[in-house]
Amino acid sequence: MSIKGSWNFRGALFPEAYATAHNTQRNGSNVSGFMAVYSSEAYANLNGSLPIANIPLQTNASSTVDNDTALENYALTTQIFNGFTSVESMTST
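1. So, the confidence of the model for the protein
For step 1, the next point in the chain: On average, residues of the protein score 88 in pLDDT, and 92% of them reach the 70 mark or higher.
For step 2, the next point in the chain: No element of the protein has a lower mean pLDDT than helix H1 (residues 40-44), at 82, and none a higher one than strand E4 (residues 53-60), at 96.

2. Notes on the side chain of Thr59
For step 1, the next point in the chain: The topology assignment puts Thr59 in strand E4.
For step 2, the next point in the chain: When neighbours within four sequence positions are excluded, Thr59 is seen to be in contact with Ser29, Asn30, Val31, Ala70, Leu71 and Tyr74.

3. Quick look at the nonpolar core
For step 1, the next point in the chain: With 18 residues, the main nonpolar core has Trp7, Met35, Val37, Phe81 and Phe84 as its most contacted residues.
For step 2, the next point in the chain: For this core, the elements supplying multiple residues, two or more each, are strand E1 (2-9), strand E2 (12-27), strand E3 (30-39), E4 and helix H2 (67-75).
For step 3, the next point in the chain: In this view, Trp7 contacts Ala12, Leu13, Phe14, Ala17, Val37, Ile52, Ala53, Ile55, Ile80, Phe81, Asn82 and Phe84; residues no more than four positions away in its chain are not counted.
For step 4, the next point in the chain: In this structure, Tyr18, Tyr38, Ala42 and Tyr43 belong to the second largest nonpolar core, which totals five residues.

About the cut-offs
- Residues numbered from 1 in each chain as written.
- Predicted model: local features only at pLDDT ≥ 70, side-chain atom pairs only at ≥ 80, totals over all residues.
- Heavy atoms only, no water.
- pLDDT = per-residue confidence, 0-100.
- Helix = DSSP H or I, 4+ residues; strand = E, 2+ residues; numbered from the N terminus.
- Contact = heavy atoms within 4.5 Å.
- Core = buried A, V, L, I, M, F, W, Y, C linked by side-chain atoms within 4.5 Å.
- Buried < 20%, exposed > 50% of the residue type's maximum accessible area, 1.4 Å probe, protein only.

This is the structure:
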């Protein structure tokens, strides 16, 4: 899964960007990891593509929510991901 939206990062506008959770870890209810943000072009070909940014996140989540989903849901509520509005199935070619 990933989140999709337009993203303004350090003055550069990415009209279509995708963020995916990676390196997630859980300690009780505490979930931490990174959200890797890709341009739409890089996301279409993830193999070997470098992300625009890797942003560390940490949140609390119930044990019924998997780590990646917990971070993606939390990212949708944080100001740095303003413009990301939808959760999508990950597809790559």
